[in-house]
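A structural walkthrough
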Amino acid sequence: MKILVCARGYNSFGENRIGTFELDQAKALKAAGCDVRIATLDLRSVKSIRPSGAKLFAADSMHCVTVNSFSSMLPSRLSESCGTKAARAALKWICGDGWQPDVVHAHFTEIASCFAGALGDTVAKFVVTEHSSLMNTEKPDEKNLTQAKKAYLAADKVIAVSSRLAQNIKASTGIQPEVIGNVVDTDAFSSISQGSGESSFRFVSCGNLVDVKNFELLFKAFSKLQNNNAQLTVFGDGVKRAELISLCENLGVADRVHFKGHQVREVIAKEYAQSDAFVLASKSETFGVSFIEAMCAGLPVIATKCGGPQDFVNEHNGLLCENEDADSLAKAMDKMMLTANSYDRKKIHGFAVENYSPKGVSQKLTALYKTL
């Protein structure tokens, strides 16, 4: 089966970068025996300096093309026209040797909308996977809703990466998506934690230091814990780093919160293997890859009821607490410190691999393609 994955992409100063979710899925489909190519669009404004036009390259032994369009800041109609033109160019380049896809699988609202307008009379089936937090509401803004309806109505199948996202898409567009979660690099987190084995309990967290991840709430909850010897390691970086470090100082927990910055998966996996539990207090998650990565390492997790985590966090692998509620989160963290050793860490790992590994997700996708 020939699959064209349509993705976010960047070609700037010699770098060829493809959206992580899209590339991981493309690699999974290739490993499953599909003939996979990737077409990416960079729709950022001219403020993001980069060469214009298209560039062919290879990524993980797959043919790829990136087309730079500079259309995101243009008025809606002109932006749509430019995006569709870029998608047509991408299709022309990626199929220039006569290769024709059986399935065109586009990711994210804006990219999917561009390709929906570019496919024309192609015989390929069109599939859209929605990840965007902008659609994770019953009332998306007019621009996103217009793009979504264009993409979804053109699609033979719409996929949402979580049940909450699917519900919101149904509420705003009338279209019922199928739910298939993101691919997670389960091999990178295969060292199963046996707990820290230390007298102080070791929590770990991972996420960009931005508003939606709500590290303010996590640190406030951490400061309320009954056990004031607990440690918290945080992976990630972002615009709120300095503000969050200052908050930890004001809360009196700066000596127990350890900021590690952005790190590669191997470094994070090593820390997971030496930790007791994972916690993240997001305001909103369309899925929640960080939770699955932690579960791959056998860690029980704590999540807020923020969307995606409700699909996979249960009594066998962790705790759910109320969203944006520091007391509820602190209570869950106190409970986790008492019960972490009761979780079957091998079963937590097995659940994550069975449902979200490249093999597990590619099987769901190829089965869906065959029904189209």
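Provided above is the structure to which this section pertains.
The text that follows walks through the structure, step by step, so that each part is easy to find. As the structure is a computational prediction, the values presented were derived from the model and not from experiment.

**Here's the deal with the state of the cysteines**
Taken as a whole and assessed by the stated rule, the structure comprises zero disulfides. Cys-296 carries a free sulfur, and the closest cysteine sulfur to it, the one in Cys-206, is 13 Å from it.

**Quick notes on helix 7 (residues 241-251)**
Buried within helix 7 we find Leu-244, Leu-247 and Cys-248. Each buried residue of helix 7 sits inside an arc of 100 degrees when the element is viewed along its axis, so together they form one side. Across helix 7 from its buried face, at more than 90 degrees, point the exposed residues Ala-242, Glu-249 and Asn-250. Buried residues along helix 7 sit against helix 6 (215-223) and strand 12 (257-261).

**Some points on the sheet that holds strand 15 (residues 318-321)**
Taking strand neighbours across the sheet as the criterion, the six strands line up as 12-11-10-13-14-15 in an open arrangement whose pairing is parallel. Looking at strand neighbours, the two that pair on one side only are strand 12 and strand 15, the edges of this open sheet. Each adjacent strand pair in this sheet contributes to an overall mean axis angle of 20 degrees, direction not counted. Judged from the three bridges that link them, strand 13 (residues 277-280) and strand 14 (residues 301-304) form a sheet pairing that is parallel. Considered in strand 14, the bridge of Leu-280 is made with Ala-303. Along the sheet, helix 9 (residues 289-296) contacts strand 10 (202-206), strand 13 and strand 14; its crossing angle with strand 14, the most-contacted strand, is approximately 165 degrees. Strand contacts of helix 10 (residues 326-339): strand 10, strand 13, strand 14 and strand 15, with the helix running at about 165 degrees to strand 15, the strand carrying the most contacts.

**Here we look at the pairing of strand 3 (residues 35-42)**
Across the eight residues that make up strand 3, a large majority, seven, are buried. Inspection of the sheet shows strand 3 paired to strand 5 (residues 62-68) by five bridges, in the parallel sense. Opposite Ile-38, over in strand 5, you have Cys-64 as the bridge partner.

**What to know about unusual backbone geometry**
Phi at Ser-61 takes a positive value of approximately 65 degrees, unusual for a residue other than glycine. By secondary structure assignment, the location of Ser-61 is in the loop between strand 4 (53-59) and strand 5. Unusually for a residue other than glycine, Glu-324 sits at a positive phi of about 55 degrees. Structurally, the position occupied by Glu-324 is in the loop between strand 15 and helix 10.

**Some remarks on the packing of helix 3 (residues 109-118) against helix 4 (residues 142-154)**
In contact at an axis separation of 8 Å, helix 3 and helix 4 are set at 50 degrees when each is read in the N-to-C sense. Judged on the interaxial angle alone, helix 4 and helix 3 are oblique. Read as a crossing pair, helix 3 and helix 4 show a hand that is left-handed. Counted together, Thr-109, Glu-110, Ala-112, Ser-113, Ala-116 and Gly-117 of helix 3 and Asn-144, Gln-147, Ala-148, Lys-150, Ala-151, Tyr-152 and Ala-154 of helix 4 form the full contact between these two elements.

**Some thoughts on the environment of Gly-350**
Following the sequence through the fold, Gly-350 ends up in helix 11 (residues 345-356). Along the chain, Gly-350 and Gly-298 lie 52 residues apart, while their C-alpha atoms are 8.4 Å from each other.

**Comments concerning the nonpolar core**
In this structure, Phe-203 and Phe-219 are the most contacted members of the largest nonpolar core, which totals 98 residues. When residues in this core are grouped by element, the largest group, seven residues, is from helix 10. Filtering out sequence-adjacent residues up to four positions away, Phe-203 remains in contact with Phe-222, Leu-225, Gln-231, Leu-232, Thr-233, Ala-277, Val-279, Ile-302, Met-333, Met-336 and Met-337. One finds Ala-7, Val-183, Val-361 and Leu-368 within the second-largest nonpolar core, a separate group that totals 24 residues.

**Re the packing of aromatic side chains**
Each pair of aromatic rings is reported with the distance of its centres and the angle of its planes. Tallying each qualifying case throughout the model produces eleven aromatic pairs. Between Phe-287 and Phe-312 the ring centres are 5.6 Å apart and the planes differ by 65 degrees, which places this aromatic pair in the edge-to-face class. Linking Phe-287 in the loop between strand 13 and helix 9 with Phe-312 in the loop between strand 14 and strand 15, this pair joins segments that are 25 residues apart in sequence. Phe-312 matches Phe-287 in its accessibility class, with the two residues each being buried. An aromatic cluster of at least three residues, connected via ring pairs, comprises Phe-189, Tyr-272, Phe-278, Phe-287, Phe-291, Phe-312 and Tyr-356.

**Observations regarding helix 9**
When you tally the buried positions in helix 9, you get eight out of eight residues, the bulk of the element. Of all the positions in helix 9, only Val-289, Ser-290, Phe-291, Ile-292, Glu-293, Ala-294, Met-295 and Cys-296 are classed as buried. Buried residues along helix 9 sit against helix 1 (20-31), strand 10, helix 8 (265-272), strand 13, strand 14 and helix 11. Following helix 9 by one or two positions, Gly-298 has its phi on the positive side, about 80 degrees.

Conventions adopted
Residues numbered from 1 in each chain as written. Predicted model: local features only at pLDDT ≥ 70, side-chain atom pairs only at ≥ 80, totals over all residues. Heavy atoms only, no water. Disulfide = S-S within 2.5 Å. Buried < 20%, exposed > 50% of the residue type's maximum accessible area, 1.4 Å probe, protein only. Helix = DSSP H or I, 4+ residues; strand = E, 2+ residues; numbered from the N terminus. Arc of directions from axis to C-beta. Contact = heavy atoms within 4.5 Å. Pairing = 2+ DSSP bridges. Axes fitted to C-alpha atoms, helices over the stretch in contact; angles between N-to-C directions. Parallel < 35°, antiparallel > 145°, perpendicular 65-115°, else oblique. Left-handed = near helix turned anticlockwise from the far one by under 90°. Core = buried A, V, L, I, M, F, W, Y, C linked by side-chain atoms within 4.5 Å. Phe/Tyr/Trp six-rings, centres within 6.5 Å; stacked < 30°, edge-to-face > 60°.

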